[in-house]
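# Close look at the chain arrangement
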Amino acid sequence: DAKTTQPPSMDCAEGRAANLPCNHSTISGNEYVYWYRQIHSQGPQYIIHGLKNNETNEMASLIITEDRKSSTLILPHATLRDTAVYYCIVRSSNFGNEKLTFGTGTRLTIIP
Amino acid sequence: NAGVTQTPKFRVLKTGQSMTLLCAQDMNHEYMYWYRQDPGMGLRLIHYSVGEGTTAKGEVPDGYNVSRLKKQNFLLGLESAAPSQTSVYFCASSSPQRGLAYEQYFGPGTRLTVT
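For the structure given in this document, a descriptive report is provided here. Treat the numbers as computed from the prediction; the structure is a model and nothing was measured.

## Overview of the overall build of chain B
The helix and strand inventory of chain B stands at zero helices and 11 strands. In sequence order, the secondary structure elements of chain B are arranged as β-β-β-β-β-β-β-β-β-β-β. Expected size for 115 residues packed as a compact globule is a radius of gyration near 13 Å; at 14 Å, chain B falls within 12% of this value. Overall size of chain B, expressed as C-alpha extent along the three principal axes, is 45 × 30 × 25 Å. Taken over 115 residues, chain B has a buried fraction of 49%. When contacts within chain B are restricted to residue pairs at least 6 apart in sequence, those whose partners lie at least 24 apart make up 56%. Entry remark: accessible area of chain B is about 5,400 Å², with carbon and sulfur atoms responsible for 53%. Averaging the locations of the 11 positively and 8 negatively charged side chains of chain B gives two centres separated by 7 Å.

## Regarding the interface of chain A and chain B
Taken together, the contact between chain A and chain B spans 21 residues of the former and 21 residues of the latter. Interface area, chain A with chain B, both sides summed: about 1,700 Å², of which 56% is carbon and sulfur. At the junction of chain A with chain B, the criterion picks out zero salt bridges. Seen at the junction of chain A and chain B, the total is three residue pairs in polar contact (both at pLDDT 80 or more).

## Concerning the layout of surface pockets
Each pocket or cavity is described by its volume, and for the largest pocket that value is around 480 Å³. Taken together, 28 residues line the largest pocket, and the ones lying closest to its centre are A:Q38, A:S41, A:R107, B:Q37 and B:G40. Going through the elements one at a time, β8 (84–92) and β9 (106–111) of chain A together with β9 (87–94) and β11 (110–114) of chain B are the ones with two or more residues in the lining of the largest pocket. The element best represented in the lining of the largest pocket is β9(A), accounting for four residues.

## Considerations on the state of the cysteines
As enumerated under the stated definition, the model contains two disulfides over all chains in all. What pairs with A:C22 in a disulfide is A:C88, and their sulfur atoms sit 2.1 Å apart. Here the S-S torsion is close to -80°, and the disulfide linking A:C22 with A:C88 is therefore left-handed. Pair noted here: A:C22 is in strand β2 (residues 18–23) and A:C88 is in strand β8, with a separation of 66 residues, a long-range link. The exposure class assigned to A:C22 is buried, which follows from its relative accessible area of 2%. Accessibility expressed as a relative area gives 1% for A:C88, which makes it buried. Two residues, B:C23 and B:C91, share a disulfide whose sulfurs are 1.8 Å apart. The sign of the -75° torsion about the S-S bond sets the B:C23-B:C91 disulfide as left-handed. One end of the pair, B:C23, is in strand β3 (residues 19–25); the other, B:C91, is in strand β9, and 68 residues separate them in sequence. Taken individually, B:C23 and B:C91 each receive the classification buried, so the pair is uniform in this respect. Note on A:C12: no disulfide assigned, nearest cysteine sulfur contributed by A:C22 at a separation of 18 Å.

## Let's talk about unusual backbone geometry
Geometrically, the link from B:T7 to B:P8 is a cis peptide bond, its omega value of -5° lying close to zero. With respect to the helices and strands, the residue B:P8 is situated in the loop between β1 (4–7) and β2 (10–13). Here A:S41, not a glycine, exhibits a phi torsion of approximately 65°, which is positive. Topologically, A:S41 is positioned in the loop between β3 (31–38) and β4 (45–50). Accessibility expressed as a relative area gives 44% for A:S41, which makes it partly exposed. If you check the backbone angles, A:R68 has positive phi at about 65° while not being a glycine.

So, how was this worked out
- Residues numbered from 1 in each chain as written.
- Chains lettered and ligands numbered in written order.
- Predicted model: local features only at pLDDT ≥ 70, side-chain atom pairs only at ≥ 80, totals over all residues.
- Heavy atoms only, no water.
- Helix = DSSP H or I, 4+ residues; strand = E, 2+ residues; numbered from the N terminus.
- Rg over C-alpha atoms; globule rule 2.2 N^0.38 Å.
- Buried < 20%, exposed > 50% of the residue type's maximum accessible area, 1.4 Å probe, protein only.
- Contact = heavy atoms within 4.5 Å.
- Areas by Shrake-Rupley, 256 points an atom, 1.4 Å probe, with all protein chains shown as cover.
- Lys, Arg positive; Asp, Glu negative; His and termini not counted.
- Charge placed at Lys NZ, Arg CZ, Asp CG, Glu CD.
- Buried area = accessible area lost by both parts, 1.4 Å probe.
- Salt bridge = Lys/Arg side-chain N within 4 Å of Asp/Glu carboxyl O.
- Polar contact = N/O pair within 3.5 Å; in protein donor to acceptor, adjacent residues only side chain to side chain.
- 1 Å grid on protein atoms, 1.4 Å probe; cavity = no way out; pocket = protein on both sides within 12 Å on 5 of 7 lines; lining within 4 Å.
- Points joined across faces, edges and corners; volume = space filled by probe spheres on them.
- Disulfide = S-S within 2.5 Å.

Listed below in structure tokens is the structure:
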């Protein structure tokens, strides 16, 4: 699975959009981009995933560049409860490849 | 639905003792996983199972054994605990029926300290 690079920390003002970048320059054609977050040592929570098209759900939007070498997770109206560590993970869809490789993620702090 | 539950939530062991961590899920998921998370690090996969009666090694399997006798349960065993196994252990489950890309659902974690 391709490696990902994320900034170690970011701040965002409450009510503003939080944009979390992720680089995955070695991503291959069958690899998906996943985002999870971990709030204060709880179990990680799935947010969103995508292959090449932009995706949106009730939690966030995922923007993947056309060359797929980077992506951005957008939390449109950040709240204090969005303070967490956010993990960008790349994983192939091959059957039997079950591993999610977690890096150290981005620690997002929402400032009141 | 309770989702994924883990028992116990906390445990302190002495070096050489054994214990079993229990993970249970009520979502009828085929796949189950055990991860460990050390301070300041991401999660690392220990073992996983793609179905009842089957298990496979993950990234850091040494010192652990697992069993999947029932679809809803996945047990993680430490036969002889070592201080290096002090960590937070997370269980997860997922269902591949929804397609090739699918999310994992995580439990609340078990905090284990080995002295």
